[in-house]
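Notes for the structure review
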Amino acid sequence: MNKQTSLFDVIDKFNTEEKCIAHFEKIRWPKELICPRCEGKRIMKFKATGKTGKERSLYECVDCHYQYSVTTGTIFHDSHLPLTKWFLAIYLICSSKKGVSAKQLQRQLSTSYETAWYMAHRIRIAMQEDDDFCHKFSGICEVDETYIGGKGKGRRGRGASNKIPVIAIKERTSGKLRMKAVNNVKASTLKQFIRDNVAPGSNLNTDEFTSYLWLDSSEFVHSTVNHSETYVKYDNDGVIHTNGVENVWSLFKRAIYGTFHKVSAKYLPLYLNEFAYRFNNRDQFNMMDRVLGTSC
Ligand SMILES: [Zn+2]
(Lines give C-alpha, C1' and ligand atoms only; values in the text may rest on other atoms or scores of the structure.)
Protein backbone atom coordinates (compact mmCIF):
# COMPACT_ATOMS: atom_id res chain seq x y z
CA MET A 1 0.00 0.00 0.00
CA ASN A 2 1.65 3.19 -1.05
CA LYS A 3 0.66 6.68 -0.03
CA GLN A 4 -1.81 6.90 -2.90
CA THR A 5 -3.78 3.84 -1.86
CA SER A 6 -7.04 5.22 -0.60
CA LEU A 7 -9.85 3.69 1.37
CA PHE A 8 -11.83 3.87 -1.85
CA ASP A 9 -9.20 1.76 -3.69
CA VAL A 10 -9.30 -0.86 -0.96
CA ILE A 11 -13.09 -1.04 -0.90
CA ASP A 12 -13.19 -1.22 -4.66
CA LYS A 13 -10.58 -3.97 -4.81
CA PHE A 14 -11.79 -6.07 -1.88
CA ASN A 15 -15.53 -5.59 -1.71
CA THR A 16 -16.46 -9.26 -2.08
CA GLU A 17 -15.30 -12.44 -0.38
CA GLU A 18 -14.33 -13.89 -3.79
CA LYS A 19 -12.01 -10.98 -4.57
CA CYS A 20 -10.35 -11.28 -1.15
CA ILE A 21 -9.90 -15.04 -1.52
CA ALA A 22 -8.40 -14.67 -5.00
CA HIS A 23 -5.97 -12.02 -3.76
CA PHE A 24 -4.98 -13.92 -0.63
CA GLU A 25 -4.53 -17.11 -2.68
CA LYS A 26 -1.97 -15.31 -4.85
CA ILE A 27 -0.11 -14.10 -1.78
CA ARG A 28 -0.08 -17.50 -0.07
CA TRP A 29 0.77 -19.50 -3.16
CA PRO A 30 2.29 -17.07 -5.69
CA LYS A 31 3.36 -19.72 -8.23
CA GLU A 32 0.98 -22.62 -7.82
CA LEU A 33 -1.31 -24.13 -5.21
CA ILE A 34 0.58 -26.23 -2.66
CA CYS A 35 -0.86 -28.59 -0.06
CA PRO A 36 0.06 -27.22 3.40
CA ARG A 37 0.26 -30.76 4.76
CA CYS A 38 2.28 -32.78 2.20
CA GLU A 39 3.40 -29.97 -0.12
CA GLY A 40 1.74 -31.82 -3.00
CA LYS A 41 0.91 -29.75 -6.04
CA ARG A 42 -2.11 -31.59 -7.38
CA ILE A 43 -4.92 -29.58 -5.83
CA MET A 44 -8.64 -29.61 -6.58
CA LYS A 45 -10.82 -26.62 -5.88
CA PHE A 46 -14.44 -27.09 -4.84
CA LYS A 47 -17.27 -25.40 -3.00
CA ALA A 48 -19.03 -26.82 0.03
CA THR A 49 -21.72 -25.62 2.38
CA GLY A 50 -20.44 -25.09 5.90
CA LYS A 51 -22.25 -25.60 9.23
CA THR A 52 -23.59 -22.06 9.08
CA GLY A 53 -25.19 -22.73 5.70
CA LYS A 54 -22.73 -20.47 3.89
CA GLU A 55 -20.93 -21.67 0.82
CA ARG A 56 -17.18 -22.04 1.32
CA SER A 57 -14.34 -22.28 -1.19
CA LEU A 58 -12.17 -25.26 -0.34
CA TYR A 59 -9.19 -27.15 -1.69
CA GLU A 60 -8.43 -30.83 -1.57
CA CYS A 61 -5.01 -32.36 -2.07
CA VAL A 62 -5.20 -35.24 -4.55
CA ASP A 63 -2.24 -36.97 -2.87
CA CYS A 64 -3.10 -36.84 0.85
CA HIS A 65 -6.81 -35.87 0.60
CA TYR A 66 -6.32 -33.00 3.04
CA GLN A 67 -9.11 -30.45 2.78
CA TYR A 68 -8.39 -26.85 3.61
CA SER A 69 -9.33 -23.29 2.82
CA VAL A 70 -7.23 -20.25 1.93
CA THR A 71 -7.28 -19.17 5.59
CA THR A 72 -6.21 -22.50 7.11
CA GLY A 73 -3.15 -21.96 9.31
CA THR A 74 -3.23 -18.16 8.99
CA ILE A 75 -4.23 -15.42 11.43
CA PHE A 76 -7.75 -15.67 9.95
CA HIS A 77 -8.01 -19.38 10.72
CA ASP A 78 -11.10 -20.32 12.75
CA SER A 79 -12.55 -16.85 12.35
CA HIS A 80 -16.14 -16.56 11.18
CA LEU A 81 -15.58 -13.00 10.07
CA PRO A 82 -15.55 -12.38 6.35
CA LEU A 83 -12.19 -11.58 4.75
CA THR A 84 -13.68 -8.31 3.52
CA LYS A 85 -13.71 -7.12 7.15
CA TRP A 86 -10.25 -8.49 7.88
CA PHE A 87 -8.79 -6.77 4.81
CA LEU A 88 -10.38 -3.49 5.74
CA ALA A 89 -9.09 -3.79 9.31
CA ILE A 90 -5.55 -4.42 8.00
CA TYR A 91 -5.83 -1.40 5.73
CA LEU A 92 -7.02 0.82 8.58
CA ILE A 93 -4.22 -0.34 10.89
CA CYS A 94 -1.50 -0.05 8.21
CA SER A 95 -2.59 3.32 6.91
CA SER A 96 -2.81 5.08 10.24
CA LYS A 97 0.54 6.44 11.35
CA LYS A 98 -0.39 6.14 15.00
CA GLY A 99 -2.28 2.87 14.87
CA VAL A 100 -5.94 2.20 15.49
CA SER A 101 -7.52 1.26 18.80
CA ALA A 102 -10.03 -1.57 19.14
CA LYS A 103 -12.68 1.08 19.91
CA GLN A 104 -12.04 2.83 16.58
CA LEU A 105 -12.11 -0.48 14.70
CA GLN A 106 -15.36 -1.40 16.41
CA ARG A 107 -16.96 1.79 15.12
CA GLN A 108 -15.50 1.62 11.64
CA LEU A 109 -16.21 -2.06 11.00
CA SER A 110 -19.52 -2.33 12.86
CA THR A 111 -18.41 -5.24 15.01
CA SER A 112 -18.56 -5.87 18.74
CA TYR A 113 -15.71 -4.51 20.85
CA GLU A 114 -14.50 -8.05 21.56
CA THR A 115 -14.35 -8.86 17.84
CA ALA A 116 -12.51 -5.62 17.06
CA TRP A 117 -10.01 -6.29 19.86
CA TYR A 118 -9.46 -9.84 18.61
CA MET A 119 -8.89 -8.66 15.04
CA ALA A 120 -6.46 -5.91 16.07
CA HIS A 121 -4.59 -8.37 18.26
CA ARG A 122 -4.26 -10.96 15.49
CA ILE A 123 -3.17 -8.35 12.93
CA ARG A 124 -0.60 -7.01 15.38
CA ILE A 125 0.88 -10.51 15.62
CA ALA A 126 1.29 -10.53 11.81
CA MET A 127 3.03 -7.15 11.94
CA GLN A 128 6.36 -8.60 12.98
CA GLU A 129 9.61 -7.99 11.23
CA ASP A 130 10.77 -11.23 9.63
CA ASP A 131 14.20 -12.15 8.23
CA ASP A 132 15.33 -8.55 8.36
CA PHE A 133 15.70 -8.94 12.07
CA CYS A 134 18.63 -11.32 11.66
CA HIS A 135 20.86 -8.73 10.04
CA LYS A 136 22.57 -6.21 12.27
CA PHE A 137 22.46 -2.46 11.85
CA SER A 138 25.69 -0.73 10.81
CA GLY A 139 27.12 2.71 10.03
CA ILE A 140 25.81 5.49 12.22
CA CYS A 141 23.13 4.36 14.65
CA GLU A 142 21.27 6.43 17.19
CA VAL A 143 20.44 4.83 20.51
CA ASP A 144 18.19 6.16 23.24
CA GLU A 145 15.83 4.98 25.95
CA THR A 146 12.61 6.33 27.35
CA TYR A 147 9.83 5.39 29.74
CA ILE A 148 6.29 4.54 28.83
CA GLY A 149 3.22 4.71 31.10
CA GLY A 150 3.15 5.12 34.88
CA LYS A 151 2.70 8.33 36.78
CA GLY A 152 4.95 11.34 37.08
CA LYS A 153 7.18 13.02 34.59
CA GLY A 154 10.58 11.80 35.78
CA ARG A 155 12.64 10.07 33.20
CA ARG A 156 15.65 8.42 34.71
CA GLY A 157 15.64 7.63 38.41
CA ARG A 158 13.00 9.24 40.59
CA GLY A 159 9.50 9.46 39.16
CA ALA A 160 10.19 6.53 36.90
CA SER A 161 8.39 4.00 39.10
CA ASN A 162 5.58 2.08 37.35
CA LYS A 163 7.01 3.18 34.05
CA ILE A 164 8.29 0.67 31.54
CA PRO A 165 11.72 1.41 30.08
CA VAL A 166 11.93 1.10 26.30
CA ILE A 167 15.11 1.21 24.25
CA ALA A 168 15.35 2.02 20.55
CA ILE A 169 18.06 1.97 17.90
CA LYS A 170 17.72 3.76 14.59
CA GLU A 171 20.07 3.09 11.70
CA ARG A 172 20.65 6.49 10.13
CA THR A 173 21.17 5.56 6.48
CA SER A 174 18.20 3.19 6.16
CA GLY A 175 16.04 4.97 8.72
CA LYS A 176 15.11 1.54 10.14
CA LEU A 177 14.12 1.17 13.73
CA ARG A 178 14.20 -1.51 16.43
CA MET A 179 12.54 -1.12 19.81
CA LYS A 180 12.27 -3.25 22.90
CA ALA A 181 10.67 -3.02 26.33
CA VAL A 182 13.31 -3.81 28.96
CA ASN A 183 13.35 -4.36 32.73
CA ASN A 184 15.81 -1.55 33.45
CA VAL A 185 18.28 0.80 31.78
CA LYS A 186 21.43 -0.53 33.41
CA ALA A 187 24.56 -0.66 31.25
CA SER A 188 24.34 -4.48 31.07
CA THR A 189 20.78 -4.34 29.68
CA LEU A 190 21.59 -1.70 27.06
CA LYS A 191 24.79 -3.54 26.14
CA GLN A 192 22.86 -6.72 25.40
CA PHE A 193 20.35 -4.95 23.16
CA ILE A 194 23.03 -3.00 21.30
CA ARG A 195 25.19 -6.08 20.74
CA ASP A 196 22.20 -8.09 19.52
CA ASN A 197 21.28 -5.43 16.96
CA VAL A 198 24.36 -3.50 15.87
CA ALA A 199 27.46 -4.74 14.02
CA PRO A 200 30.86 -4.09 15.65
CA GLY A 201 32.64 -1.03 14.26
CA SER A 202 29.40 0.93 13.90
CA ASN A 203 29.26 4.47 15.21
CA LEU A 204 26.74 4.83 18.03
CA ASN A 205 25.34 8.27 18.77
CA THR A 206 23.93 8.61 22.29
CA ASP A 207 23.41 11.26 24.93
CA GLU A 208 25.69 11.33 27.97
CA PHE A 209 23.71 8.88 30.11
CA THR A 210 26.15 6.84 32.24
CA SER A 211 24.76 3.49 31.01
CA TYR A 212 26.41 4.23 27.64
CA LEU A 213 29.90 4.90 29.06
CA TRP A 214 31.05 1.32 28.39
CA LEU A 215 30.76 2.10 24.66
CA ASP A 216 33.91 4.28 24.91
CA SER A 217 36.08 1.18 25.31
CA SER A 218 34.07 -1.27 23.26
CA GLU A 219 34.00 -2.74 19.75
CA PHE A 220 31.91 0.30 18.68
CA VAL A 221 32.77 3.91 17.93
CA HIS A 222 30.94 6.11 20.44
CA SER A 223 29.92 9.72 19.90
CA THR A 224 27.93 11.60 22.49
CA VAL A 225 25.93 14.77 22.48
CA ASN A 226 25.31 16.65 25.70
CA HIS A 227 21.67 17.62 25.60
CA SER A 228 22.07 20.37 28.17
CA GLU A 229 24.40 22.13 25.70
CA THR A 230 23.18 21.30 22.22
CA TYR A 231 21.15 18.81 20.22
CA VAL A 232 23.48 18.53 17.26
CA LYS A 233 27.28 18.40 17.48
CA TYR A 234 29.78 18.48 14.62
CA ASP A 235 33.18 16.78 14.98
CA ASN A 236 35.57 14.35 13.24
CA ASP A 237 32.99 11.56 13.43
CA GLY A 238 30.51 13.70 11.50
CA VAL A 239 27.20 15.05 12.69
CA ILE A 240 26.32 13.70 16.10
CA HIS A 241 22.76 13.68 17.30
CA THR A 242 19.93 11.46 18.44
CA ASN A 243 17.20 13.50 16.79
CA GLY A 244 15.95 10.60 14.67
CA VAL A 245 15.26 8.43 17.66
CA GLU A 246 13.88 11.40 19.65
CA ASN A 247 11.34 11.91 16.85
CA VAL A 248 10.41 8.27 17.14
CA TRP A 249 9.66 8.74 20.85
CA SER A 250 7.42 11.68 20.25
CA LEU A 251 5.52 9.85 17.51
CA PHE A 252 5.28 6.69 19.59
CA LYS A 253 4.09 8.54 22.69
CA ARG A 254 1.45 10.39 20.73
CA ALA A 255 0.32 7.04 19.33
CA ILE A 256 0.24 5.33 22.70
CA TYR A 257 -1.39 8.13 24.69
CA GLY A 258 -3.53 9.53 21.86
CA THR A 259 -4.78 6.31 20.36
CA PHE A 260 -4.62 3.66 23.02
CA HIS A 261 -4.78 5.82 26.17
CA LYS A 262 -3.26 3.08 28.28
CA VAL A 263 -1.09 0.13 27.40
CA SER A 264 -0.37 -2.68 29.82
CA ALA A 265 3.10 -4.09 30.29
CA LYS A 266 1.81 -7.35 28.87
CA TYR A 267 0.87 -5.86 25.51
CA LEU A 268 3.56 -3.18 25.22
CA PRO A 269 5.98 -5.46 23.30
CA LEU A 270 3.26 -6.10 20.69
CA TYR A 271 2.54 -2.38 20.31
CA LEU A 272 6.26 -1.70 19.98
CA ASN A 273 6.51 -4.30 17.23
CA GLU A 274 3.49 -2.91 15.42
CA PHE A 275 4.87 0.60 15.65
CA ALA A 276 8.37 -0.36 14.47
CA TYR A 277 6.88 -2.47 11.66
CA ARG A 278 4.75 0.41 10.40
CA PHE A 279 7.66 2.82 10.80
CA ASN A 280 10.08 0.55 8.92
CA ASN A 281 7.65 -0.21 6.12
CA ARG A 282 6.26 3.30 5.72
CA ASP A 283 7.67 3.61 2.19
CA GLN A 284 6.81 0.07 1.15
CA PHE A 285 4.68 -0.02 -1.93
CA ASN A 286 2.40 -2.55 -0.39
CA MET A 287 2.37 -2.81 3.39
CA MET A 288 -1.04 -4.44 3.34
CA ASP A 289 0.20 -7.32 1.17
CA ARG A 290 3.23 -7.64 3.39
CA VAL A 291 1.01 -8.07 6.45
CA LEU A 292 -1.09 -10.60 4.54
CA GLY A 293 2.12 -12.43 3.65
CA THR A 294 3.25 -12.66 7.27
CA SER A 295 -0.19 -13.76 8.38
CA CYS A 296 0.35 -17.27 7.01
ZN1 LIG B 1 -1.39 -33.11 0.57
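Scroll up a little and you will see the structure.
Residues numbered from 1 in each chain as written. Predicted model: local features only at pLDDT ≥ 70, side-chain atom pairs only at ≥ 80, totals over all residues.

Concerning the nonpolar core
If you look at the biggest cluster of nonpolar residues, it comprises 57 residues, and the most contacted ones within it are Phe87, Ala89, Ile90, Ile123 and Val291. Top contributing element to this core by residue count: helix H3 (residues 83–95), with ten residues. Each of domain 1 (7–126 + 285–294) and domain 2 (132–263) contributes no fewer than three residues to this core. Excluding its chain neighbours within four sequence positions, the residues that come into contact with Ile123 are Ile75, Ala89, Ile90, Ile93 and Val291. (Core = buried A, V, L, I, M, F, W, Y, C linked by C-beta atoms within 7 Å. Buried ≥ 20, exposed ≤ 12 C-beta atoms within 10 Å, placed from the backbone. Helix = DSSP H or I, 4+ residues; strand = E, 2+ residues; numbered from the N terminus. Domains from an automatic or database assignment. Contact = placed C-beta atoms within 7 Å.)

Focus: the sheet that holds strand E8 (residues 221–224)
With mixed pairing, five strands are arranged side by side in an open sheet as E6-E5-E4-E7-E8. Looking along the sheet, the strands with just one partner apiece sit at the ends: strand E6 (177–181) and E8. In this sheet, adjacent strand axes meet at a mean angle of 25° when their direction is disregarded. Judged from the four bridges that link them, strand E7 (residues 203–206) and E8 form a sheet pairing that is parallel. By the bridge assignment, Thr206 is partnered in E8 with Thr224. Sitting on the sheet, helix H6 (residues 187–197) touches strand E4 (140–148), strand E5 (164–171), E6 and E7, and the angle it makes with E5 is about 30°. Here helix H7 (residues 243–260) sits on the sheet in contact with E4, E5 and E6, set at roughly 30° to E4. (Pairing = 2+ DSSP bridges. Axes fitted to C-alpha atoms, helices over the stretch in contact; angles between N-to-C directions.)

Focus on the sheet that holds strand E2 (residues 55–61)
If you walk across this open sheet you meet the three strands as E1-E2-E3, and the pairing is antiparallel. What marks the edges here is a single partner per strand, and that holds for strand E1 (43–49) and strand E3 (67–68). Pairing of E2 with E3 involves two bridges; the strand directions are antiparallel. Looking across to E3, one finds that Tyr59 is bridged to Tyr68.

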